[in-house]
Each structure stands twice: as C-alpha cells, then as structure tokens.
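Given next are the chains, with one letter for each unit.
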Amino acid sequence: MSIDENTAARVAKLARIKVEPDALPALAQEFNGILGFIEQLSEVDVEGVEPMTSVTPQRLKRRVDEVTDGDQQEKILKNAPDAREGFFAVPKVVE
Amino acid sequence: MSDLNKLGLAEARDALRAGDTTSEELTEACLKAIDGAGALNAFVHHTPEIALEQAAKADARLKEGDAPAMCGLPIGMKDLFCTKGVPSQAGSRILQGFLPEYESTVSQNLFDAGAVMLGKLNMDEFAMGSSNETSVYGNAVNPWRRGNDDAALTPGGSSGGSAAAVAADLCLAATGTDTGGSIRQPAAFTGITGIKPTYGRCSRWGVVAFASSLDQAGPMTKNVRDAAIMLEAMCSYDAKDSTSADLPVPNFEAALTGDVRGKKIGIPKEYRMEGMPEEIEALWQDGIAMMKDAGAEIVDISLPHTKYALPAYYVIAPAEASSNLARYDGVRYGHRATLDQGDGITEMYEKTRAEGFGPEVQRRVMVGTYVLSAGFYDAYYNRARKVRTLIKRDFENVFAQGIDSILTPATPSAAFGLGEMADADPVQMYLNDVFTVTVNLAGLPGIAVPTGTDRQGLPLALQLIGRPWEEADLLSSAYALERAAGFVAKPEKWW
C-alpha cells in the first residue's frame, strides 16, 4: 500500500490540518515509511482473535442518570480565544 | 543541613518529622537549584509562590503532628497534568495561554498528601516523542554527559523534563506519564527510578489525553522506596475516570522487603534483539545474576508476539491521538490562528491546527486519521487491536505458568545526543520504546531501575514487569535489584 500526494492531501483535509502543496511529497514519503513499518502486522495470524476493547477485564461502573454538574458557563468560556455574550464565537458558518 | 535538594522523598520526610529541617528550607533549596539550572530547560513554568505557600502550610501541619505521607516534600509536575490556574500546555503551542479551571485528580491527590509543587516540567509535545525534542519549550537537556565530551544529550522522553529535574536534584521527585515508555525510558537515560503502574491505578482525569487506552501516570524518583511512597499518594479510585480501578491501594512502602527468595523471574528470549549493543546484553546478564544471587528462580520464557508490539502501538496510539486531539480546534481554549478575509470555520480549524501542532504531532494525528478512515479501519486498526489481544495473552500465559515478574533491558541504548536523530526516519526514533511498549499494550505495571553505566559513564537501566495490580510485589523485587546493583553514580554538575 503506497500513499501518493493526493492521498496525503486527503488525509490532511480529514485531519483538519493545513498542509502546503509543496510539503505533500515529503509527507507522503513519511506516511509510507510508517505504514511500511505497520505492514508487519499482516504477518500475524489473527483468525478468531477478538479485537481488544478494554485492557483490564473490568465492567464499567454505572451510576444513576442524573445531572451532577452544571452552572459553569463562566469557567468554561474563560479560556476561549473568542467568547461573546456567553457563547463561543466562531467565523460565520451560515450564509 | 546542607544540599537539601539532594535528598530523596523518604530521607526528607524523615528529616522533616525529626524536626531536622523544614519544608520551607527544602523548598528554598530546590528553588535555588532550579534558578541555577536554566541550561537544563527542565522547569518551564515556575510556581515559587504556590510552593512557598504550600510549604508554610506543610510546616504548620508537621508542627501539629498531622503530616500526611508527602507532607512538605517539593516535587515537579509534568506539564501534561492540568493544574488549576497554572499554565498546562502539554508542551504544545496549541495550548499556549491555557489556564485550567480545575485540578487533575493525580495532582490533587499529591496536594492532599501534602506535596509542594515547584513548577511544571518540560516534555515532548502531547507526550509524543522519545527525546523531548518535540517540545514547544525547546529541548530539555540531560544532566549526564559522555565523559569529558560536552555534547548535550537527551534526557529521553516524553517525560524528559521530569527525568532531568530529578537526576539533577532540582526537586525531590516528579510526576511522569507513560503511554509507550515515557516514564521508564527517560528514567533509564538519567539514572533514576520510574514506575508505570497497572492501567487504571492512577486516574487519567485532568491529564491531557494522548492515547487513552495506554496512558498512565506514575512517579519518577531517586530510588525505589521513593517510588513506592509517591505512587501510593498518586493512586486512587476516581469516578471521573471510567477506567479507574475501584481497588484498595496497598501500602507500597510497607511491602518493600526486597525478599525475592523463591520468586520466579522470567527472561523473555524475544527481548534479545538483533543488533542490541553488547553493553545492554551484559547489563541484562548482570541483572539476572543479581536476582539469582538474591534467591530468585530464573526461568526462560517466551513472549512470541513481542516483535509486533511496536507496529501495533503505532496504529493504536495515533488512532486514539487523532480522536483525542480533535478537540483542539481553536474554539474552546488555546491558540486560534489569525484568519484572512473570507476564511470560514474550516480554514480556522486547519490553520489553527497547522500552527498549533508541531511536526511529530501532525504526523501522528494524520497517521491516526488514515488508519481509522473508511476502507482501512479493518486492515489497520482492527488488526492492531487483535494483535494487542495476542500480546496481552502472551503475558497471561507466562503468569499462568507461575512467573512473578519479568526482567528485561529498559532501553536499547544509553542516552543519545540531542539532534543526533534529526535526519533519521521517524521509525528509528520509535524503536526507543521497543522494550517498554509491550507493557502499555498489556496494561501491566513496569519499573525501570538503574543498574549500571556504559563505557562512557552514562546510566543504563533494567526493567521489571509485574502482574496486573501487583505493584507492591513488583516494587519489592525492584528494591532487591536496586540493592544488589548498588547504583549510586550522579551526574557531575556542569550547568
């Protein structure tokens, strides 16, 4: 499996990271190096093996479905790069 | 008392309780050592006011005879832990200016135990790295050098600042986190002790997430006893972390008998890697002889899927990272890129993340995105999770045979030079974690103990891997190894 520049550009887009077109060949090459290394996994016989979901065999705790937290608007907005009138502010998303 | 910063946790605790010193004196000694150690770039956010205030409170408690386990002991905190009102950037530009409104469970536990925080410690960006060279703060520097060569060496990573600070006596101990070896490898590179407990022992709440199924916090200390003391203070059941273990935390220090008579110690043949330096092999053989002399039974074992641990890790960890790091979008906290006229929200995300993440983080987020994308999910991600099951099964099989712990080298080499790996393939850097990463994949406890030096005088360490939840037994075996090895070397001060 080899990654070309178009695939690298598509992955960058999916990851929401801007990559300049002239950086794509090097990026594709790095991906290929890493994926080549990962490719070793295809040697392993995984027939009938369950994919791991939890490394420690413990049942997740349950609790009553009720509100345990809230009224922290000020704290939540405190670190926002742009907060206005009690909201996070972002560039216009609707025309 | 002089050179108070050079004390370990147990020594300082005993001195405090005997009234031979005060927390304020200890704290002042550390703050002075930190001020004189700018060249190591270990502390990246200094909190002397918090430290002195905590020290004064600790001294009052000591006077009242109401001193908890770590009362008055000054430590450093890895930048990955969110600390209320104190910069917590995970070594990343994207969290510049972020001041948490909350305290991580582990740091809160330490404060509840009376610990004093001197400041935040350098680390690889989002804990992704093995040399502390991906940090937004610049490299942390190893206090150790190769003989008379003044070339700057890496303290390892990702907890490089923690390792450098403890080895250079800037603090009595430090917190670290370990996703693939980030406590044990830097501990090995700097001649200190570092333990990653069983997955679930320490709460991950308030620790900036890298790969949630692998991340664990742990202490980095000057010796095994200190590791036992600090680990106990860090551990707790925490309802805010759904993977936190609701198990009692044992008194780890009380379990330090160092008696390994009759214990079965496994030596996995797959850890004898091709091209492994002779010094590492010799170190390992010496360690085996020490444990045997101490009365342990040495058993050759096989962990057949070891070879596939690193490739599985480099699917699972980036996959989880790509998901965890999706939150850095320039909306809720941290950096937001300056936008051009007409830029919409997608441009804001893309520019913010391109500016805020360094190259290694970008690489891993994109690799993770790729292995999770439609058409590749089964081939890469699901296959890696199946291989992870097999790696864990390898360990379960040897433990079922009665093996108590497993002895391996901690790293494939001593500390290397900063910049030496700059032109290497990213995969070359990943090989640093070849002996440690299996332990994260299987969720087991592992500890690095310094046991020797290489021919250039740099520290080398062995790793002991324990059964799940049996940190007490593991620490006791590590204590036996520490006593037998008698490693006491310290770096010569040049900074």
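First, a word on scope: everything that follows refers to the structure included in this document. Keep in mind the model is a prediction, meaning the values are calculated, not measured.

1. What to know about the overall build of chain A
For step 1, the next point in the chain: Of the regular secondary structure elements, chain A holds 3 helices and 2 strands.
For step 2, the next point in the chain: Taking 12 Å as the expected radius of gyration for a compact globule of 95 residues, we find that chain A reaches 22 Å, considerably beyond that expectation.
For step 3, the next point in the chain: Projected onto the principal axes, the alpha-carbon positions of chain A cover approximately 55 × 45 × 25 Å.
For step 4, the next point in the chain: The buried share of chain A, reckoned over its 95 residues, is 15%.

2. Concerning the overall build of chain B
For step 1, the next point in the chain: Helices and strands together make up the secondary structure of chain B, namely 15 helices and 11 strands.
For step 2, the next point in the chain: For chain B, whose C-alpha radius of gyration is 21 Å, the value lies close to the compact-globule estimate of 23 Å for 495 residues.
For step 3, the next point in the chain: If you line up chain B on its principal axes, its C-alpha atoms span 70 × 55 × 50 Å.
For step 4, the next point in the chain: Within chain B, the fraction of its 495 residues that count as buried is 62%.
For step 5, the next point in the chain: The long-range share in chain B, meaning contacts at least 24 apart out of those at least 6 apart in sequence, stands at 77%.

3. Focus: helix α2 (residues 24-38) of chain A
For step 1, the next point in the chain: The end-to-end C-alpha distance of α2 of chain A is 21 Å, a good match for the 21 Å that 15 residues give at a rise of 1.5 Å each.
For step 2, the next point in the chain: Among the residues of α2 of chain A, those classed as buried are L27, F31, I34, L35 and I38 of chain A. Taken end-on, α2 of chain A shows its buried residues confined to a sector of 100°, consistent with a single buried face. Turned more than 90 degrees away from the buried face of α2 of chain A, the exposed residues are P25 and A26 of chain A.
For step 3, the next point in the chain: Tucked inside the fold, the buried residues of α2 of chain A contact α1 (5-14) of chain A together with α9 (309-324), α11 (359-372), α12 (377-400) and α13 (426-430) of chain B.

4. Considering the nonpolar core
Residue and element names in this part refer to chain B.
For step 1, the next point in the chain: Counting residues in each nonpolar core, the largest one holds 170 residues, and the members touching the most others are I75 and L475.
For step 2, the next point in the chain: With 10 residues, the top contributor of residues to this core is α9.
For step 3, the next point in the chain: Excluding residues within four positions of it along the chain, I75 makes contact with L110, A115, V116, M117, L118, C171, L172, A173 and A174.

5. Comments concerning the sheet that holds strand β7 (residues 264-268) of chain B
Residue and element names in this part refer to chain B.
For step 1, the next point in the chain: On the basis of which strands lie adjacent, the open sheet formed by 11 strands has the order β1-β3-β2-β4-β6-β5-β10-β11-β9-β7-β8 and mixed pairing. Here the strands that pair on one side only, and so sit at the sheet edges, are β1 (43-46) and β8 (297-301). Strand-to-strand twist in this sheet, taken as the mean axis angle between neighbours without regard to direction, amounts to 30°.
For step 2, the next point in the chain: The strands touched by helix α3 (residues 48-64) are β1, β2 (74-78) and β3 (116-121); relative to β3, the strand with the most contacts, the crossing angle is about 155°.

6. Quick look at the packing of α1 of chain A against α11 of chain B
For step 1, the next point in the chain: Relative orientation of the contacting elements α1 of chain A and α11 of chain B amounts to 100°, with a least axis distance of 9 Å. Here α11 of chain B runs roughly perpendicular to α1 of chain A, going by the angle between their axes. The segment α1 of chain A lies against α11 of chain B, with V11, A12 and L14 of chain A engaging M366, T369 and Y370 of chain B.
For step 2, the next point in the chain: Split into classes, the residues belonging to the contact of α1 of chain A with α11 of chain B amount to 5 nonpolar, 1 polar and no charged.

7. Considering unusual backbone geometry
Residues and elements named next belong to chain B.
For step 1, the next point in the chain: A cis amide bond links G157 to the next residue, S158, at an omega of 10°.
For step 2, the next point in the chain: Tracing the backbone through its elements, the reader meets S158 in the loop between β3 and α5 (160-167).
For step 3, the next point in the chain: Of note in this structure, F126 is not a glycine but carries a positive phi near 50°.
For step 4, the next point in the chain: Structurally, the position occupied by F126 is in the loop between β3 and α5.

8. Some remarks on the interface of chain B and chain A
For step 1, the next point in the chain: Contact with chain B, which involves 55 residues of that partner, is made by 36 residues of chain A.
For step 2, the next point in the chain: Broken down by secondary-structure element, the contributors of at least two residues to the side of chain B that touches chain A are α9, α10 (345-356), α11, α12 and α13 of chain B.
For step 3, the next point in the chain: Counting residues per element, the side of chain B that touches chain A draws most heavily on α12 of chain B, at 11 residues.
For step 4, the next point in the chain: Taken together, the residues of the side of chain B that touches chain A sort by class into 29 nonpolar, 12 polar and 14 charged.

9. Details of the pairing of strand β9 (residues 405-409) of chain B
Residue and element names in this part refer to chain B.
For step 1, the next point in the chain: Most of β9 is tucked away: 5 of the 5 residues are buried.
For step 2, the next point in the chain: Bridging between β7 and β9 involves 2 bridges; their strand directions are parallel. Opposite G266, over in β9, you have I406 as the bridge partner.
For step 3, the next point in the chain: As defined by bridge partners, β9 adjoins strand β11 (residues 459-466) across 5 bridges and the pair is classed as antiparallel. Its bridge partner being in β11, L407 is matched across the sheet by L464.

10. So, the environment of M429 of chain B
Residue and element names in this part refer to chain B.
For step 1, the next point in the chain: Looking at where M429 falls in the secondary structure, it is placed in helix α13.
For step 2, the next point in the chain: Take M429: there are 19 C-beta atoms within 10 Å of it, and that puts it in the partly exposed class.
For step 3, the next point in the chain: A C-alpha to C-alpha distance of 33 Å links M429 and K264, two positions 165 residues apart in sequence.

11. Describing the environment of L27 of chain A
All names here are of chain A.
For step 1, the next point in the chain: As for its placement among the helices and strands, L27 is situated in helix α2.
For step 2, the next point in the chain: Distance from L27 to Q58, taken between C-alpha atoms, is 40 Å for residues 31 residues apart in sequence.
For step 3, the next point in the chain: Filtering out sequence-adjacent residues up to four positions away, L27 remains in contact with A8 and V19.

12. Notes on the pairing of β2 of chain B
Residues and elements named next belong to chain B.
For step 1, the next point in the chain: Within β2, 5 of the 5 residues are buried, leaving the element largely enclosed by the surrounding structure.
For step 2, the next point in the chain: Alternating residues of β2 divide into P74, G76 and K78 and I75 and M77, and every residue in both groups is buried.
For step 3, the next point in the chain: Pairing of β2 with β3 involves 4 bridges; the strand directions are parallel. For M77, the partnering residue across the bridge sits in β3 and is K120.
For step 4, the next point in the chain: Of the crossover connections in this fold, the one passing from β2 over helix α4 (residues 105-112) to the parallel β3 is right-handed.

13. Quick word on helix α7 (residues 224-234) of chain B
For step 1, the next point in the chain: Here α7 of chain B lies mainly inside the structure; 11 of its 11 residues are buried.
For step 2, the next point in the chain: Regarding α7 of chain B, the residues found buried are V224, R225, D226, A227, A228, I229, M230, L231, E232, A233 and M234 of chain B.

14. What to know about the environment of D454 of chain B
All names here are of chain B.
For step 1, the next point in the chain: Residue placement: D454 occurs in the loop between β10 (446-453) and β11.
For step 2, the next point in the chain: Given 17 C-beta atoms within 10 Å, D454 falls into the partly exposed group.
For step 3, the next point in the chain: In this structure the C-alpha to C-alpha distance between D454 and K264, which are 190 residues apart in sequence, comes to 28 Å.
For step 4, the next point in the chain: With residues up to four places along the chain from it excluded, the contact list for D454 reads E279, A414 and L460.

Thresholds applied
- Residues numbered from 1 in each chain as written.
- Chains lettered and ligands numbered in written order.
- Predicted model: local features only at pLDDT ≥ 70, side-chain atom pairs only at ≥ 80, totals over all residues.
- Helix = DSSP H or I, 4+ residues; strand = E, 2+ residues; numbered from the N terminus.
- Rg over C-alpha atoms; globule rule 2.2 N^0.38 Å.
- Buried ≥ 20, exposed ≤ 12 C-beta atoms within 10 Å, placed from the backbone.
- Contact = placed C-beta atoms within 7 Å.
- Expected span 1.5 Å × (residues − 1).
- Arc of directions from axis to C-beta.
- Core = buried A, V, L, I, M, F, W, Y, C linked by C-beta atoms within 7 Å.
- Pairing = 2+ DSSP bridges.
- Axes fitted to C-alpha atoms, helices over the stretch in contact; angles between N-to-C directions.
- Parallel < 35°, antiparallel > 145°, perpendicular 65-115°, else oblique.
- Nonpolar A, V, L, I, M, F, W, Y, C, P; charged D, E, K, R; others polar.
- Right-handed = clockwise from strand over helix to strand, strands pointing away.

By themselves, these are just geometric observations and shouldn't be taken as functional.
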